[in-house]
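Examination of the molecular architecture
The chain contents come next:
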Amino acid sequence: MTHPDLNLLVTLDVLLSEGSVARAARRLRLSPSAMSRQLARLRETMGDPLLVRAGRGLVLTPRALELSEWVGRLVEEVEAVLRPADRLDLGRLVRTFTLRTSDGFVENFGPALIATVNAESPGVRLRFVPKLDKDSTPLRDGSVDLETGVLGRSQSPEVRTQALFRDRFVGVVRVGHELCRGEITPARYAAGRHILVARHRPEKGPIDDALEMIGLEREIAATVGGFSPALALTRSSDMVATVPERHTGNLRLGLFSFPLPVSIPEITVSMLWHPRLDADPAHRWLRECVRATCAKPTSGPRAA
């Protein structure tokens, strides 16, 4: 009885996740011709073409789609079995972790997280990169180790997640704004000139829906791509920003914050990572550092 070449499992996992011979070859540091030969061996062994031509690209066969998650789990389990069981030595660990986060996360949680990491493992460095969308490709291809944010529909189903904290939205204006005085009613809030935070096309959100239910509509005076520029505009204008409270604590220093006069759902900020790093001791330690940092109360201003 001949035994299958288990190395083909790794090749199969990368091919199925990438859906491209060229990209799979780059990930495995093989030439395109060598990867094509590996694909030919897989096709012969499994009796299925796995990837077939569709226009100018390749698509997975039904059999390949059926296998994709199963093969990924098998590779993770094999890697866990073969991984050395030595205890993680944080004092000797030398590694750079790439975190994809919003500016607000870096501003509010970055200093404490860096201090915790450096105190426990001086050889570890954190590299923060901006989060421009919810695409999971950077987690899948290994260019990002950990990500934070609100879960979206575009997240890949295999990505692991853990909730960090819940956050409510608050209104923010410059000190001296008319909303700093008196009761902030839905009508007074809606009458202001508002800043909309939207990464892509401007659209209505939960705030507009809540106002519409009571017959009100707000004026959108400006649209920006993040909470940091929204608050920067608020400092030097009479416009109103609506931002998550904990996520922007330090960014709101020197501004007047108030609870929204309409009810909208809270958001849950989570951390996300690829399953291949689930059992990695250093990555597990990093995740615990992030979780512990976010569990601590932030020092920024709370809404009045």
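Everything numeric here is computed off the predicted structure, so don't read it as measured data.

1. Looking at the packing of helix α2 (residues 21-28) against helix α3 (residues 32-46)
Two elements in contact, α2 and α3, have axes separated by 9 Å at closest approach and are oriented at 105°. With respect to their mutual orientation, α2 and α3 come out roughly perpendicular. Contacts between α2 and α3 involve Val-21, Ala-24, Ala-25 and Leu-28 from the first element and Pro-32, Met-35, Ser-36 and Leu-39 from the second. A breakdown of the residues in the contact of α2 with α3 according to their chemical character gives seven nonpolar, one polar and no charged.

2. Examining the pairing of strand β2 (residues 57-60)
Where a strand is regular, its side chains alternate between the two sheet faces. Inspection of the sheet shows strand β1 (residues 51-54) paired to β2 by four bridges, in the antiparallel sense. Its bridge partner being in β2, Leu-51 is matched across the sheet by Leu-60. Joining the antiparallel neighbours β1 and β2 is a turn of two residues, in which Gly-55 adopts a positive phi near 65°.

3. Let's talk about the sheet that holds strand β10 (residues 240-244)
Across a sheet, paired strands are connected by hydrogen bonds in the backbone, their directions being either parallel or antiparallel. With mixed pairing, five strands are arranged side by side in an open sheet as β9-β8-β10-β7-β11. Edge strands, defined here as strands with exactly one partner in the open sheet, are β9 (219-224) and β11 (255-259). Strand-to-strand twist across the sheet, computed as the mean angle between neighbouring axes with direction ignored, equals 35°. Where strand β8 (residues 193-197) and β10 come together, two bridges link them in parallel fashion. Residue Ile-195 lies in a different strand from β10, and its bridge partner there is Ala-241.

4. Concerning the environment of Ile-264
Inspection of the secondary structure assignment puts Ile-264 in the loop between β11 and β12 (267-273). Once the C-alpha coordinates of Ile-264 and Leu-39 are considered, the two residues, 225 residues apart in sequence, prove to be 51 Å apart. Other than its neighbours up to four places away in sequence, Ile-264 contacts Phe-169, Pro-206, Ile-207 and Ala-210.

5. What about the packing of aromatic side chains?
Considering all chains together, one arrives at four aromatic pairs under this definition. For the ring pair Phe-109 and Phe-165, a centre distance of 5.3 Å and an interplane angle of 40° mean the geometry is tilted. Here Phe-165 lies in strand β6 (residues 160-167) and Phe-109 lies in helix α5 (residues 103-120), a separation of 56 residues in the sequence. The pair formed by Phe-109 and Phe-165 is uniform in burial state, with each residue classed as buried.

6. Observations regarding the state of the cysteines
Counting across every chain of the model gives zero disulfides. For the unlinked cysteine Cys-294, the closest cysteine sulfur is that of Cys-289, found at 11 Å.

7. Some words on the nonpolar core
Ranked by internal contacts, the top residues of the largest apolar core, which has 21 residues, are Phe-97, Leu-146, Trp-285, Val-290 and Cys-294. Secondary structure elements with two or more residues in this core: β3 (95-101), α5, β6, β12 and α10 (281-295). Among the elements that take part in this core, α10 stands out by supplying six residues, more than any other. Each residue touching Cys-294, except ones within four places of it in the same chain, is listed here: Phe-105, Phe-109, Leu-164, Phe-165 and Arg-246.

8. So, the sheet that holds β12
One open sheet holds the five strands; their spatial order is β4-β3-β5-β12-β6, and the pairing between them is mixed. With partners counted over all chains shown, the strands left at the sheet margins are β4 (124-130) and β6, one partner each. Going from strand to strand, the sheet's axes swing by 20° on average, the running direction of each strand aside. As defined by bridge partners, β6 adjoins β12 across seven bridges and the pair is classed as antiparallel. Among the inter-strand pairings, Asp-167 is bridged to a residue of β12, identified as Ile-267. Contacts from α5 reach β3, β4, β5 (146-149) and β6, with the element oriented near 175° to β4. In this fold α10 packs onto β3, β4, β5, β6 and β12, with an angle of close to 45° to the strand it touches most, β3.

Thresholds applied
- Chains are numbered independently. Their residues run from 1 in the order of the written sequence.
- Per-residue local features are limited, in this predicted model, to residues with pLDDT of at least 70; the limit for side-chain atom pairs, both in listing and counting, is 80 or more; totals at the level of whole chains, interfaces and linings are taken over all residues.
- Computation of side-chain values covers all heavy atoms of the structure but excludes hydrogens and water.
- Convention adopted: a line fitted to C-alpha atoms gives each axis, helices being fitted over their contacting stretch, and angles between N-to-C directions are expressed from 0 to 180 degrees.
- Segments assigned H or I by DSSP are reported as helices when at least four residues long, segments assigned E as strands when at least two residues long, and all are numbered from the N terminus.
- Each angle gets one of four labels, with under 35 degrees taken as roughly parallel, over 145 as roughly antiparallel, 65 to 115 as roughly perpendicular, and the rest as oblique.
- The contact criterion used is simple: two residues touch if any of their non-hydrogen atoms lie within 4.5 Å.
- Throughout, the ten residues Ala, Val, Leu, Ile, Met, Phe, Trp, Tyr, Cys and Pro are labelled nonpolar, Asp, Glu, Lys and Arg are labelled charged, and all others, Gly among them, are labelled polar.
- Two strands form a pair only when DSSP identifies at least two bridges running between them.
- The pairing test for Phe, Tyr and Trp rings, Trp by its six-membered ring, is centres within 6.5 Å, and the orientation test on the planes gives stacked under 30 degrees, edge-to-face over 60, and tilted for anything in between.
- Each residue gets one of three labels from its accessible area relative to the maximum for its type: buried under 20%, exposed over 50%, partly exposed in between, using a 1.4 Å probe on protein chains only.
- For this text, the term disulfide refers to a pair of cysteine sulfurs within 2.5 Å.
- Residues grouped as a nonpolar core are buried Ala, Val, Leu, Ile, Met, Phe, Trp, Tyr and Cys residues, joined through side-chain atoms within 4.5 Å.

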